[in-house]
Amino acid sequence: MIPIVILIPLVLGGMAFAWPENRNRPVFLLVGAAAHAAGMAGLWLREEPPLLDGFLFLDAAGKVTLTATSALFLACAVYAQGYLRRRDDRDNRVFVGGLLVLLSALTMVGVAQHLGLLWVAIELTTLATAPLIYFNRNARSLEAAWKYLLVCSLGIALALLGTFFLALAGAAPGGPRSLLVGDLVRAGPALSKPWVRAAFVFLLVGYGTKMGLAPLHSWKPDAYGEAPGLLGALLSGGVTSFAFLALARVYQVCRAAGEDAFARDALVGLGLLSMALAAVFMVGQRDFKRMLAYSSVEHMGILAVGLGLGGSAVPGAFFHSLNNGLSKGVLFLAAGNIHRSFGSKVTDDVRGAARRLPVSGPLFLAGFLAVTGTPPFSPFFSEFVILNGALGTGRYWVGGLFLLFMAAIFIGMGTTILKVVQGDDAGTPSRPGFGDSWLTAAPPLVLMLVVLALGLWLPRSLADLFQSAAHLVAGS
Amino acid sequence: MAAWIDMVFILVVVIDLFTLASSRLNAAIRAVALQGALLSVLPLLLASWEHEIGHVLLLSLGALAIKAIFIPWLMFRAIREAAIRREVEPIIGFVPSMILGGVGVALAFAFSRGLPLPSPERHAFLVPTALATVWTGLLLVVSRKKAVNQVLGFLMLENGVFVFGLLLAEFMPVMVEAGVLLDLFAAVFVMGIVMFHINREFSSLDTEKLTALKD
């Protein structure tokens, strides 16, 4: 099943590139997403043994991330049917093909147990998404694509150097001489400590850039601001979660080598810095898509803090990566609908979205409440688990700052969101024919309902999955 | 043999510093191409009998074709189409960036002393050369405004990573080759797509003009 879920999107992507007609090309996306979701369902029902000498294996941590992304991608694929039909003037060959290649590369990241293969797959996600940011073919989206490529390429090059360091840590006679996570973890204390430490620094910078942790987030507001909402959803809910997964695998090796104290401090520090920076830039943000980018910086920070705290916070971090993926889908898709309908994404021009878009407008508000940790939505519970992990281990400073930044972000983000949603839309720019339709409004609505349902009732199998992912990565 | 290897490493570092100091894009591209050519000799010089000869040749020829010939050729084409010759006002001046580069080289030597190597006698200069080249690449990316120079910086960074990868060529050659291959991908994307589009859209390759997006 694993090779199938990797190859099907890739093959369909190739076919989409070759397909001559613009109008029905987006159907490939739907087929690829549905096949991928079906494959994931199959992997839930039946566990598969490691493949290719242990290079490919779906463990608990990978399963969390892949499940979230498969669901998100399916929602985005349905949305794309409506979205790309409305934008029939643009050639969508690269867009559809690139998204399918992205799905394939993400799946590979999820199942890769070899740090070299993991690196190759992460690099592929960058290459597959960069041209998509330039979908609108204007100067601003070009600038965003350029920054994204340059910053992420630098990050990825440093991550390769870090991967080489890790290989060298196990290169002494009798060492594992391998980059399989399992081999490195088994070798544990036999790894050369100075190299492990140096490797963690480079990999944290490299994959942290891809995640968009502050201060390595500079590509994020530009890319999310200019890319179509659909791509923003997949970048902030999918690609960044996989970068977090990559970092979690590296952390797993560091912990086995006995270097975890250092790694955990670094993660908590960068995580809190990201939350602080997001809070600062969120206040007075007039561009609501850029605001969502800072929200993504914040949530990557929360994930890093959760992993760095260790212990009971780690299952919360995995739960949060799922919640963040789904609720970012709601926010970006709703924001995309609002952007289309008003033809603008700054609060000076946009107000009364709830009146004009009876589904997307309220969804934008509900998504905001969910993502900032309002009960009964599921992010509240995952954020609570992480906060509890800080307070329960006596790290009151971390817990206090965590709460403070969350509160500041709630206020800053709320101001912008309310400006967009409330009020009378009379006198605002309008583009007739871009109202809510089934295809563009139902996907974020369904995602929102899932976020609500997970908050009201978390299935036992999912809770167990978060526990085993945390046990695998952090031994907790 | 050992003397030759040391010589190559020293030349690589000299090229690092030269590129930092040169304002003419032609000269900088040529320097990076020369550096690529020097790197392609290293797999041959460093190979021991345990190596599989196929991998050594692949790595060497691959580096030569991509780093020394193909990418520099693309870059020359790009600057010809955009009709640019010089980096006029870098963000960090040429002399200060030379000094920073020199400091980087010194730090690279100091830092690599703390890192134990599996066979230190064969690779005395390898780690410092790799780190110094990575540092120079980063410095070029952040200190220059022309897109061409930023791409050159990225290539130099990849060169540094490649030098480091040679330490691993013995036991995981495929990994090192994958690194070279993706360097090609990145370069084609950066240059083929973005650079030509930037030129058309802004009628210049100055990334300074890319300032519409900020907070």
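Residues numbered from 1 in each chain as written. Chains lettered and ligands numbered in written order. Predicted model: local features only at pLDDT ≥ 70, side-chain atom pairs only at ≥ 80, totals over all residues.

## Things to note about the overall build of chain B
Convention followed: Helix and strand definitions follow DSSP, with helices as H or I runs of at least four residues and strands as E runs of at least two, each counted in order from the N terminus. Three exposure classes are used, based on other C-beta atoms lying within 10 Å of a residue's own C-beta, which is placed from the backbone: buried for 20 or more, exposed for 12 or fewer, and partly exposed in between. For every residue pair, C-beta atoms are placed from the backbone, and the pair is scored as a contact if these atoms sit within 7 Å.
Check the secondary structure of chain B and you find seven helices and zero strands. Residues classed as buried in chain B amount to 43% of the 215 residues present. Across chain B, contacts joining residues at least 24 apart in sequence account for 74% of those joining residues at least 6 apart.

## Section: the interface of chain B and chain A
By a widespread convention, an interface's size corresponds to the accessible area lost as its parts come together. For clarity, the cut-off: Any residue outside Ala, Val, Leu, Ile, Met, Phe, Trp, Tyr, Cys, Pro, Asp, Glu, Lys and Arg is labelled polar, Gly included; the first ten of those are nonpolar and the last four are charged.
If you look at the interface, chain B gives 35 residues, while chain A gives 35 residues. Within the side of chain B that touches chain A, the residues separate by chemical class into 27 nonpolar, five polar and three charged.

## Observations regarding the confidence of the model for chain B
Stated precisely, the cut-off is as follows: Values of pLDDT, ranging from 0 to 100, describe the predictor's confidence in every residue of the model.
Per-residue confidence for chain B averages 81 on the pLDDT scale, and 80% of its residues sit at or above 70. The ipTM, which scores confidence in the relative placement of chains, is 0.90 for this predicted complex, and the corresponding pTM is 0.93.

## Section: the nonpolar core
Residues and elements named next belong to chain A. Counted only if it meets this: By definition, a nonpolar core groups buried Ala, Val, Leu, Ile, Met, Phe, Trp, Tyr and Cys residues that connect through C-beta atoms lying within 7 Å of each other.
Ranked by internal contacts, the top residues of the largest apolar core, which has 251 residues, are Val 109, Ile 133 and Phe 364. Sort the elements by how many residues they give to this core and helix α6 (residues 139–169) lands first, with 22 residues. Apart from residues lying up to four places away in sequence, Phe 364 is in contact with Leu 331, Ala 334, Ala 335, Ile 338, Ala 353, Ile 417, Val 420 and Val 421.

## A few points about helix α5 (residues 115–133) of chain A
In plain terms, the rule: Expected span of a helix, by definition, is 1.5 Å for each gap between consecutive residues, and there is one gap fewer than residues.
The terminal C-alpha atoms of α5 of chain A lie 27 Å apart, and with 19 residues this matches the ideal 27 Å at 1.5 Å per residue to within 8%. Counted residue by residue, α5 of chain A has 17 buried out of 19 residues, so it is predominantly covered.

## Digging into helix α11 (residues 260–282) of chain A
For α11 of chain A, spanning 23 residues, the distance from its first C-alpha to its last is 32 Å, which sits close to the expected 33 Å at 1.5 Å a residue. In the stretch just after α11 of chain A, Gly 284 of chain A is the one whose phi turns positive, near 75 degrees.

## Focus on the packing of helix α13 (residues 313–342) of chain A against helix α18 (residues 438–456) of chain A
Residue and element names in this part refer to chain A. Rules: Here an axis means a line fitted to C-alpha atoms, over the contact stretch when the element is a helix, while the angle between two N-to-C directions is reported on a 0 to 180 degree scale. Relative orientations are named as follows: roughly parallel for angles under 35 degrees, roughly antiparallel for angles over 145 degrees, roughly perpendicular for angles from 65 to 115 degrees, and oblique for any other angle. It is the rotation of the near helix from the far one that decides the hand of a crossing: anticlockwise by less than a right angle makes it left-handed, clockwise makes it right-handed.
Between α13 and α18, the shortest axis-to-axis distance is 9 Å and the interhelical angle comes to 150 degrees. By the criterion of interaxial angle, the relationship of α13 to α18 is roughly antiparallel. In this structure, the crossing between α13 and α18 has a hand that is left-handed. Facing α13, whose interface residues are Asn 323, Leu 326, Ser 327, Gly 329, Val 330, Leu 333, Ala 334 and Asn 337, α18 presents Thr 440, Ala 441, Pro 443, Pro 444, Leu 447, Met 448, Val 450, Val 451 and Leu 454. By residue class, the composition of the contact of α13 with α18 is 12 nonpolar, five polar and no charged.

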